[in-house]
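# A look at the structure
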There are 2 protein chains.
Amino acid sequence: MMKLDHTDLKLINLLQNDAKQTNKKLSLNLNLSVTAVYERIKKLERNGIIKQYVALVDKKKVGLGFQVFCHIKLAQHTQKHIQLFENQISKLDEVVECFHVSGEYDYLLKVIVRNMEHFREFMTAKLTSIEHVGSTQSSFTITEVKNNTQVPV
Amino acid sequence: MMKLDHTDLKLINLLQNDAKQTNKKLSLNLNLSVTAVYERIKKLERNGIIKQYVALVDKKKVGLGFQVFCHIKLAQHTQKHIQLFENQISKLDEVVECFHVSGEYDYLLKVIVRNMEHFREFMTAKLTSIEHVGSTQSSFTITEVKNNTQVPV
DNA sequence: TATGAAAATATTCGTTC
DNA sequence: GAACGAATATTTTCATA
């Protein structure tokens, strides 16, 4: 486990907000040389603390304005069925997030689709065709109040 | 509304997976010149289709292994109370996502904290101190099965 | 950890289709 | 308007201290 000092945490935060700023700009913010910044970033990458650099896309502008949260109960809860369900659900592009959670339902999914038609298609053709899905309960997103990828380090 | 051809969509997908690959690498993938790739990216940025470039951090490696979904009901539902709630909730760093949703509850929150202690603190000191929060129901994450930032274009 | 040179990359520009 | 290659500017990378 890598130790992170205050500068590392600040660097992580800067990169969580803008991954494409130059090392020079970062160095000014952090009071370090460009090389020192470079070395710290490489170390964060090597240690897997920074997993990936991604571009964030405006969902609405690409016609994907419909977000749905699906609460799912499995019909059976053996290790085998859990494995099977998780494998199959992971393959669906529309499912952008899937968490095994405590409480009344077993899984919480975030599904991104174009519109209600598309969602209907997803439900009937894909979701309910996965074996051992018991009941599902869907919540439609009315407003996206906050949607950060940054983690509060 | 900008029209996106097949090359744009492919480019978006490549950048959603790796935002730091060089234009040269992209140009090889897309059968374009480096300049053409450059111009297309700038256009996507200008049109707000690409909103941001971010570094994704391994939550567990920075000690944030505890994810909780909070379902919240408001006590009152006037425009004013909704505004107030959304403003206050947005300010909390632990709340990384917040959606106004249909169904039994009004809001669905994703909260990232260090551990159960930290969550308790968050609940008592922050969440329930926000006015007009009626009831809350929390689901703890057992496993993160899938957690993509990519949108299925 | 810092400096600075070398290599790689991004950006601009003039031109063509 | 979109694409290209050549040129220029900027940034990353790495050897060395």
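### Looking at the protein's contact with DNA strand C
Every residue near DNA strand C is listed here: Ser33(A), Thr35(A), Ala36(A), Thr22(B), Asn23(B), Val34(B), Thr35(B), Tyr38(B) and Lys42(B). In the interface set of DNA strand C, defined as its atoms within 4 Å of the protein, sugar plus phosphate atoms amount to 68%. Asn23(B) is positioned with one of its backbone polar atoms (N or O) 3.0 Å from a phosphate oxygen of DNA strand C. Tyr38(B) places a polar side-chain atom, nitrogen or oxygen, 2.8 Å from a phosphate oxygen of DNA strand C. Contributions of two or more residues to the surface near DNA strand C are made by α3 (34–46) of chain A together with α3 (34–46) of chain B.

### Quick word on the relation of the copies chain B and chain A
Superposing chain B onto chain A requires a rotation of 180° together with a translation of 0.0 Å along the rotation axis, leaving an RMSD of 0.0 Å. Here the transformation between the copies is reduced to the relation of a two-fold axis. Taking C-alpha positions as reference, the residue of chain B nearest the rotation axis is Val54(B), located at 2.8 Å.

### Brief notes about the sheet that holds strand β2 (residues 66–74) of chain A
A barrel is described by the order of its strands in space; here eight strands give the closed sequence β2(A)-β4(A)-β3(A)-β5(B)-β2(B)-β4(B)-β3(B)-β5(A), paired in antiparallel fashion. Strand-to-strand, the axes of this sheet are offset by a mean angle of 35°, without reference to chain direction. The pairing of strand β3 (residues 95–101) of chain A with strand β5 (residues 133–147) of chain B spans five bridges and is antiparallel. Across the sheet, residue Val101(A) finds its bridge partner in β5(B), namely Thr141(B).

### Quick notes on the packing of helix α1 (residues 6–17) of chain B against helix α2 (residues 23–30) of chain B
Residues and elements named next belong to chain B. Packing of α1 against α2 brings their axes to within 11 Å, and their N-to-C directions diverge by 135°. Relative to α2, the element α1 lies oblique. The interaxial crossing formed by α1 with α2 has right-handed handedness. In contact with Thr7, Lys10, Leu11, Leu14 and Leu15 of α1, α2 contributes Leu26, Asn29 and Leu30. Looking at the contact of α1 with α2 residue by residue, the class counts come to five nonpolar, two polar and one charged.

### Some points on the interface of chain B and chain A
The partner chain A presents 62 residues to the 62 residues of chain B that form the contact. When the two sides are added together, the surface that chain B and chain A hide from each other amounts to roughly 5900 Å², 60% of it contributed by carbon and sulfur. Among the residues chain B hides against chain A, the three largest losses belong to Leu56(B), Phe99(B) and Lys146(B). Together they make up 12% of the total. Run the count over chain B and chain A and you get two salt bridges. When the shortest N-O distance is used, the salt bridge between Lys110(A) and Glu97(B) registers 2.9 Å. Where chain B meets chain A, there are 38 residue pairs in polar contact (both at pLDDT 80 or more). Broken down by secondary-structure element, the contributors of at least two residues to the side of chain B that touches chain A are α1, β1 (50–57), β2 (66–74), α4 (79–90), β3 (95–101), β4 (107–113) and β5 of chain B.

### Brief notes about the protein's contact with DNA strand D
All residues in the neighbourhood of DNA strand D are listed as Thr22(A), Asn23(A), Thr35(A), Tyr38(A), Lys42(A), Leu32(B), Ser33(B), Thr35(B), Ala36(B), Arg40(B) and Lys43(B). Backbone atoms, meaning sugar plus phosphate, form 73% of the atoms of DNA strand D positioned within 4 Å of the protein. In the environment of DNA strand D, a phosphate oxygen lies 3.2 Å from a nitrogen or oxygen atom belonging to the backbone of Asn23(A). Interatomic distance of 3.1 Å between a side-chain N/O atom of Tyr38(A) and a sugar or linking oxygen of DNA strand D. If you list the elements that add at least two residues to the surface near DNA strand D, you get α3 of chain A together with α3 of chain B. When residues of the surface near DNA strand D are assigned to their parent elements, the largest contribution, four residues, is made by α3(B).

Cut-off values and rules
Residues numbered from 1 in each chain as written. Chains lettered and ligands numbered in written order. Predicted model: local features only at pLDDT ≥ 70, side-chain atom pairs only at ≥ 80, totals over all residues. Heavy atoms only, no water. Near = heavy atom within 4 Å. Polar contact = N/O pair within 3.5 Å; in protein donor to acceptor, adjacent residues only side chain to side chain. Helix = DSSP H or I, 4+ residues; strand = E, 2+ residues; numbered from the N terminus. Least-squares fit on C-alpha atoms with pLDDT ≥ 70 in both. Pairing = 2+ DSSP bridges. Axes fitted to C-alpha atoms, helices over the stretch in contact; angles between N-to-C directions. Parallel < 35°, antiparallel > 145°, perpendicular 65-115°, else oblique. Left-handed = near helix turned anticlockwise from the far one by under 90°. Contact = heavy atoms within 4.5 Å. Nonpolar A, V, L, I, M, F, W, Y, C, P; charged D, E, K, R; others polar. Buried area = accessible area lost by both parts, 1.4 Å probe. Salt bridge = Lys/Arg side-chain N within 4 Å of Asp/Glu carboxyl O.

Everything listed is a geometric property; what it means functionally is a separate question.
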